[in-house]
Amino acid sequence: MGKIIAVTNQKGGVGKTTTAVNLSAGIGKLGKKVLLIDVDPQGNATSGTGIDKRSIQNSSYNLIIDGIHAQDAIIHTEFENLDIIPSSIELAAADIELIEIEKRESRLKNSLALTKTDYDYILIDCPPSLGLITTNALCAADTVLVPIQPEYYALEGLSQLMNSVRIVKRRYNSYLDIEGVLLTMYDGRLNLTQQVVQEVKKFFPRKVFATVIPRAVRLSEAPSFGQPIMYFDKRSTGTTAYMALAEELINK
């Protein structure tokens, strides 16, 4: 039975999609079968794995709105053990469409029911918001992985996110747990970074990943080539970090 992990943070620009793509590819490289689901209307995880959006027939939109089975939207990527369910710009209006649908918070979960056994890990790249699409991801997930940039404003958003997780856990998914908090764009030379790290560890005792993701130019360049970092530049610090994160996640 595959473990479903929602990669989410309602604050944009914290490395959420970068983490979803590169962690998925890293886990795949370690021999585990991975499905990456892009439910962000921007579709950056889709293009970041080399998928031409013009060639997509079914997307995560069709899972959530039309209720199709996940198998009908899966695309095999060129990367080791990595499949993807791509995003669609139609997702931008999905929150509005979902309002009139019965049991709207469980649409994604129901679509994945027959697919969980086909993968070791299923990662969901969520939009930077706490709307109904993210609620669908949290209802489907076993755990939540939170990328966070070590800066003051990141701490403000963290309490909002945890409140949403508590609500979903209480109302829809009692098994939902925190997989871990991942520090991204890390620069250990800055005093503020160290202060924020200490605050995050206080907020999440024993839930902060030992691996941190450094600021790295190559991590920013890789998506424009449609490749995860370990395929784009296997010697980069980003590759080292995300492979270490993949190992840490699997060993947990």
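Below, the structure is looked at part by part.

Rules used in this analysis
Residues numbered from 1 in each chain as written. Predicted model: local features only at pLDDT ≥ 70, side-chain atom pairs only at ≥ 80, totals over all residues. Heavy atoms only, no water. 1 Å grid on protein atoms, 1.4 Å probe; cavity = no way out; pocket = protein on both sides within 12 Å on 5 of 7 lines; lining within 4 Å. Points joined across faces, edges and corners; volume = space filled by probe spheres on them. Helix = DSSP H or I, 4+ residues; strand = E, 2+ residues; numbered from the N terminus. Nonpolar A, V, L, I, M, F, W, Y, C, P; charged D, E, K, R; others polar. Axes fitted to C-alpha atoms, helices over the stretch in contact; angles between N-to-C directions. Parallel < 35°, antiparallel > 145°, perpendicular 65-115°, else oblique. Left-handed = near helix turned anticlockwise from the far one by under 90°. Contact = heavy atoms within 4.5 Å. Pairing = 2+ DSSP bridges. Core = buried A, V, L, I, M, F, W, Y, C linked by side-chain atoms within 4.5 Å. Buried < 20%, exposed > 50% of the residue type's maximum accessible area, 1.4 Å probe, protein only. Expected span 1.5 Å × (residues − 1).

Estimated volume of the largest pocket: approximately 380 Å³. With five residues, helix H1 (residues 16-29) is the largest single contributor of residues to the lining of the largest pocket. Looking at side-chain class alone, the lining of the largest pocket contains 12 nonpolar, 10 polar and one charged residues.

With that settled, consider the packing of H1 against helix H11 (residues 237-251). The N-to-C vectors of H1 and H11 enclose an angle of 70°; their axes lie 8 Å apart at closest approach. One element, H1, and the other, H11, form an angle in the roughly perpendicular class. For the element pair H1 and H11, the recorded crossing hand is right-handed. Between H1 and H11, the contacting residues are Thr18, Thr19, Asn22, Leu23, Gly26, Ile27 and Lys29 on the first element and Tyr242, Met243, Leu245, Ala246, Leu249 and Ile250 on the second. A breakdown of the residues in the contact of H1 with H11 according to their chemical character gives eight nonpolar, four polar and one charged.

Pairing is mixed across the open sheet formed by seven strands, whose spatial order is E3-E4-E2-E5-E1-E6-E7. At either end of the open sheet lies a strand with only one pairing partner, and these are strand E3 (75-76) and strand E7 (177-183). With five bridges joining them, strand E1 (residues 3-7) and strand E5 (residues 121-125) adopt parallel strand pairing. Bridge pairing in E5 links Val7 to Asp125.

If you look at the biggest cluster of nonpolar residues, it comprises 47 residues, and the most contacted ones within it are Ile37, Ile64, Leu108 and Ile124. With residues near it in sequence (within four places) discarded, Ile37 still touches Ser60, Ile85, Leu112, Ile122, Leu123, Ile124 and Asp125. Counting 33 residues, the second-largest nonpolar core is a separate cluster that includes Ala25, Leu82, Leu123 and Leu245.

Glancing now at helix H7 (residues 152-171). For the α-helix, the turn length of 3.6 residues means that residues three or four positions removed from each other point alike. The terminal C-alpha atoms of H7 lie 31 Å apart, and with 20 residues this matches the ideal 28 Å at 1.5 Å per residue to within 8%. The complete set of buried residues in H7 reads Ala154, Gly157, Leu158, Leu161, Met162, Ser164, Val165 and Val168. Residues of H7 that are buried make contact with helix H6 (132-140), strand E6 (143-148), E7 and helix H8 (191-203).

Without other data, these values stay purely geometric and don't point to any function.
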